Amino acid sequence: MPAVGLTTLMLVLPLPIFCDGDACVIDRQAHNGIRRWLDNFDRLILCMPELPAADASADVSPLLKDDFGGRCRLVRLPDHRQPVPFMKVLGTTTKQLDALIDESTHLCFAIGGLFGDWAAVAALRAAKKGRKAAIWTDRVESEVLGFTASQATGLRKVYWSATAWAMRHYERLVIRRSALGLFHGADCFAAYAAYSPDPHLVHDIHLSEDSRISPAELDAKTRRSGPLSIIYAGRAHPDKGVLEWVETLNLLAHAGVDYQATWYGDGPQFDEARRAVSAAGLEGSIAFPGPLRDRDALMRHMRAADIFLFCHKTPESPRCLVEALISGTPIVGYDSSYPDDLIKEHRGGVLTEGNPVALARALETLAKDRERLATLTRAAAADGYPFTDVHVFRHRSDLIKAAS
C-alpha cells in the first residue's frame, strides 16, 4: 500500500527506455518530464518498455538509479508488439502492474497501441480494482494507423486496416473505463472526449521560460527583410506530408517568391523528399540536412525563422507547433482543431485547406506583405507565451490529484 501522506504517481509510457545491463538511457525530453512530474508528486514509478541500448538515438540522457534523489523508480517492461510474444508475457506482466497500482496513490497511463500497450492493460486493471486512473494521449493512434493503411496495398492494407479498426474500439473501451481523460491538443480532445467521463484538453511541452523569444529578438525579427526564412522540424514521414511540403515550396518558387527553407529531421521519406527537391531544381532554396540533435541549436534556428511551415495529415498534437509559437515564429499549414486551438487567442498563424495550392497561396501573400507577417510574428509569440513545461505539467498533475 502507498506510504501514508506521500503521493506516488504511477506513470506508464509507450516511449522505450534503452538499457545495457543496469546502464539505461532515456529520451532527453522524457528525462525532463520526470523532473517536472516530481515537482508535483513525492515519488514516481515510471514504467516503460525496454529496448537494447544499441537502438537508442543520440538525443538521450542517462537515467541512473539514484537520479532525482531516489524518488523515481524505473520499471522495465517487455517490448512485444506482436500478438504471440505479447500474449506469452501478458500474465506475468499484468501481475507486476497490479502490484505497482496497489503501491501508488495516483495513476496516469499514456495509451497508444494494441498489442504491447501496457498502459492500456494497466488502465483496465486499475478499473477492475476500482481505482481512478487518468488516460493521456497525444495523437489519435487508430487514425494514424488508418492513414498508414491507406498508403499500403494488398495484404498489408488489409492487415493495417483491421488493426486500426481493433485499435479504435480498444481505445474507446479503455477511455470509457478510466476516470479522467487528458487529451493533448484539440485534435485528440475532439476524437476522444465523448468517450471519457471527465475529459480535459491539456498540453505537453518541454521548454522552460528561457526558451521564449526575447523582446529584443522579437523586435529585430519583425523588422527583417530579404528572402523568406521557412523551417520545419520533425520526421520525414507520409503523415507529416513531407512531399506536399516540397510541392508547396515548388509552387511558391514558381510564383517568384525568394525563400530559404529547411526541414530538420530524418525518416522513411527523407531520401524521396531530397530527390523531389532535386527534380524541381530547388537545391539552392530547400535543404534537408537531417536531424539536429542539439535542441538549443534547433530552438535558435526556430527563433530565426520567419515561418514554420507544416502539412500534417493525421490528427495528432506535435510539440513542434508549440515550439514554433514560443519562438515567435508564425505557424502556417493545414487547418485542423489542434493548430487552430493553439492560436485561438492571438491568431499567430495562417491555416489553410489541406492542399499545396492553398498553402502556397498563403505563403505568397505573407511574402508580399511583410507588415502582416510582422503582426503575425508578435501574435505567435503571444500565443506561445503560456506554454512552458512547469505550467503544463502542473496543470495535468492538478487534474490527476483532483480526480483521485
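Because the structure is a prediction, the values reported are computed rather than measured.

Here we come to the state of the cysteines. Within this structure, the stated rule accounts for one disulfide. Cys 19 shares a disulfide with Cys 24; S-S distance 2.1 Å. The disulfide joining Cys 19 to Cys 24 has a torsion of about 110 degrees about its S-S bond and is therefore right-handed. On the accessibility criterion, Cys 19 (6% relative accessible area) is buried. Looking at Cys 311, it has no disulfide partner, and the nearest cysteine sulfur is the one in Cys 320, 12 Å off.

What follows deals with the packing of aromatic side chains. Throughout the structure, instances matching the rule amount to 13 aromatic pairs. Taking 6.4 Å as the distance between ring centres and 50 degrees as the angle between the ring planes, the aromatic pair formed by Trp 37 and Phe 41 counts as tilted. An aromatic cluster of at least three residues, connected via ring pairs, comprises Tyr 232, Trp 245, Trp 263, Phe 270, Phe 288 and Phe 308. Here the guanidinium or amino end of Arg 212 rests over the ring plane of Tyr 385, the centre of that ring lying 3.5 Å away. The ring centre of Phe 393 lies 4.4 Å from the NZ or CZ of Arg 396, which sits over that ring.

A few words on empty space enclosed by the protein. Per the stated rule, a full pass over the model turns up one cavity of 30 Å³ or more. Class assignment of the residues belonging to the lining of the largest cavity gives a composition of seven nonpolar, one polar and two charged.

A few words on the UniProt feature "domain: Glycosyl transferase family" (unreviewed entry) in the protein chain. Following the UniProt record, one finds the feature "domain: Glycosyl transferase family" (unreviewed entry) at residues 223-380. Taken end to end, residues 223-380 is 45% helix and 18% strand, and its first and last C-alpha atoms sit 15 Å apart.

About the thresholds
Residues numbered from 1 in each chain as written. Predicted model: local features only at pLDDT ≥ 70, side-chain atom pairs only at ≥ 80, totals over all residues. Heavy atoms only, no water. Disulfide = S-S within 2.5 Å. Buried < 20%, exposed > 50% of the residue type's maximum accessible area, 1.4 Å probe, protein only. Phe/Tyr/Trp six-rings, centres within 6.5 Å; stacked < 30°, edge-to-face > 60°. Lys NZ or Arg CZ within 6 Å of the ring centre and 35° of its normal. 1 Å grid on protein atoms, 1.4 Å probe; cavity = no way out; pocket = protein on both sides within 12 Å on 5 of 7 lines; lining within 4 Å. Points joined across faces, edges and corners; volume = space filled by probe spheres on them. Nonpolar A, V, L, I, M, F, W, Y, C, P; charged D, E, K, R; others polar. UniProt positions renumbered as here; feature names shortened; annotations may be inferred. Helix = DSSP H or I, 4+ residues; strand = E, 2+ residues; numbered from the N terminus.

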